[in-house]
Structure formats: C-alpha cells, structure tokens
Amino acid sequence: MANFNFNIQEVDQNELSSNDFQPIPDGWYRAEIVESRIEKTNKSKQANDNKNQYLELTWRILDGQYARRVVWDIINVINENSETVRIGKQDLAKRCIGLGVDSFSNSSSLHNRPCMIKVTTRPASNGFDAKNKVSATRRDDSAPSESAPVQSQGQPPRGAPPPWETFSNQGR
C-alpha cells in the first residue's frame, strides 16, 4: 500500500476526455516506436509452447492534434504457417525501410526513430471495438538526414558567445 494524497477537485474536469480510446482518423502521422516486445499468440499460450509469436510495436504520434496518442502494430514473426511468417517478414521489412534500419538483433534498435506511419481503422467486428492499425511506413522527410550535422538542443550556434556571456551582458 502507498500513502498518497489525492483530491479530484484539483483536476480540471474539462481536460478529461471520455473519447481517449477512440481510433484516430485514418491518415499519415509522424511517429516513433517507444516500446517493443515479443508475445506469444493465444494459440501458443494455450499450448504452452513458443511456436507462434508476434512482435508488438507501440508507436507514439509525435505531432498535431493526436500527439502522444499510441497505435499498436502486431507483426507475426514466428509461426507454424510459413505464409504467415512470409507476410510478417514483409511487414517488418516495410517498417524497417521507413525507419531507415537495414537489420537489427534487438528490437530496441527500432525505438526513437521518427518516421511517417499510415494509420487505418479496422472496423468493429465479433464483439471487438474498431481499432487503429499501422498499414504502411515511410521515411520522415522533415527529419534531418543522418549525414547532416545535427545540433543538440540548448547548444549555441557555432561562433555565438556562450550563454553565460550573453546572460551576463544583458541589462548592463
């Protein structure tokens, strides 16, 4: 148990949205992978084996009205059905091309690489709500290229006086 004081009156009720889990509109969004993991399919969970697994990618939208929203991407990577594996590898290759990654040995290599994702909506069916899915990726043309020098945030431009000199000379 944790001791923690909370009062709902301190929360702006206008900022609460009952619509948080509704699918976002179909379209292209700038996003990055913030989490990834291998999960067993329900079939492998029931059989208590590792024959059928998928890579789950959590994409976070970076800009615009839907910034900070997430979309999950499920890619079959291990399966008893060779056609399922072939399709899964194609999907993963498309994600890697969009991310600018040729190969990886740990899915964390895919994290924090902005790219464009095409979000589509899978309609509600069989008692499940409608949900978003990632149907395509492409390079983010607005991101600096890897060959271009990137300046860290908070660093002054080359040739500019250091921040402490600028600050100390203000108002004198």
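Each remark here, short or long, concerns the structure printed above.
Computed from a predicted structure; not experimentally measured.

*Asks:* Quick one: what's the story with helix H2 (residues 82-99), residue by residue and with numbers?
*Replies:* In this model, H2 (18 residues) spans 25 Å end to end at C-alpha, consistent with the 26 Å of a helix rising 1.5 Å per residue. Buried within H2 are the following residues: Val85, Gly88, Leu92, Arg95, Cys96, Gly98 and Leu99. Looking straight down H2, one finds its buried side chains confined to an arc of 160°; they lie on one side. Exposed residues lying more than 90 degrees from the buried face of H2 are Ser82 and Ile97. A distance of 2.8 Å separates the backbone nitrogen of glutamate 83 from a side-chain oxygen at the start of H2, and that oxygen is part of asparagine 81. Just downstream of H2 lies glycine 100, where phi reads positive at about 75°.

*Asks:* Help me get a handle on the sheet that holds strand E3 (residues 70-78), residues and values and all.
*Replies:* Read from one edge to the other, the open sheet built from 5 strands follows the order E3-E2-E1-E4-E5, with strand pairing classed as antiparallel. What marks the edges here is a single partner per strand, and that holds for E3 and strand E5 (131-138). Each neighbouring strand pair of the sheet contributes to a mean axis angle of 40°, computed without reference to strand direction. Alignment of strand E4 (residues 115-122) against E5, held across 7 bridges, turns out to be antiparallel. Along E5, the bridge assignment pairs threonine 120 with lysine 133.

*Asks:* Lay out the side chain of glutamate 56 with the relevant residues and their values.
*Replies:* Considering the arrangement of structural elements, one finds glutamate 56 in strand E2 (residues 53-61). A polar side-chain atom of glutamate 56 sits 2.8 Å from a polar atom in the side chain of arginine 37.

*Asks:* Would you mind going over the pattern of salt bridges in detail, with residue names and values included?
*Replies:* All chains considered together, the criterion is met by 8 salt bridges. When the shortest N-O distance is used, the salt bridge between aspartate 140 and arginine 30 registers 2.6 Å. Here the residue aspartate 140 occupies a position in the loop between E5 and helix H3 (163-169), and arginine 30 occupies one in strand E1 (residues 27-40), the gap between them amounting to 110 residues. With a relative accessible area of 25%, arginine 30 lands in the partly exposed category. Two residues, arginine 37 and glutamate 39, come together in a salt bridge whose shortest N-O distance is 3.5 Å.

*Asks:* So what's going on with the packing of aromatic side chains? Residues and values would help.
*Replies:* One pass over the full model with this rule turns up 1 aromatic pair. Measuring from centroid to centroid gives 6.2 Å for tyrosine 29 and tyrosine 66, while their planes differ by 85°, and the two rings are edge-to-face. Here the residue tyrosine 29 occupies a position in strand E1, and tyrosine 66 occupies one in the loop between E2 and E3, the gap between them amounting to 37 residues. The buried category is assigned to tyrosine 29, whose relative accessible area is 12%. Here the guanidinium or amino end of arginine 138 rests over the ring plane of tryptophan 28, the centre of that ring lying 4.1 Å away.

*Asks:* Got a sec to walk through a nonpolar patch on the surface? Specific residues and values, please.
*Replies:* Together, Phe4, Phe6, Ile8 and Val11 make up a nonpolar patch on the protein surface, roughly 450 Å² of accessible area in all. Within the secondary structure, phenylalanine 4 sits in the segment before E1. Residue classification places phenylalanine 4 among the exposed positions, given a relative accessible area of 68%.

Thresholds, definitions, all that
Residues numbered from 1 in each chain as written. Predicted model: local features only at pLDDT ≥ 70, side-chain atom pairs only at ≥ 80, totals over all residues. Heavy atoms only, no water. Helix = DSSP H or I, 4+ residues; strand = E, 2+ residues; numbered from the N terminus. Expected span 1.5 Å × (residues − 1). Buried < 20%, exposed > 50% of the residue type's maximum accessible area, 1.4 Å probe, protein only. Arc of directions from axis to C-beta. Polar contact = N/O pair within 3.5 Å; in protein donor to acceptor, adjacent residues only side chain to side chain. Pairing = 2+ DSSP bridges. Axes fitted to C-alpha atoms, helices over the stretch in contact; angles between N-to-C directions. Salt bridge = Lys/Arg side-chain N within 4 Å of Asp/Glu carboxyl O. Phe/Tyr/Trp six-rings, centres within 6.5 Å; stacked < 30°, edge-to-face > 60°. Lys NZ or Arg CZ within 6 Å of the ring centre and 35° of its normal. Patch = residues over 30% accessible without salt bridge, like charges linked within 9 Å, V, L, I, M, F, W, Y side chains within 5 Å. Areas by Shrake-Rupley, 256 points an atom, 1.4 Å probe, with all protein chains shown as cover.

Take it as geometry only, folks, not as evidence of what the structure does.
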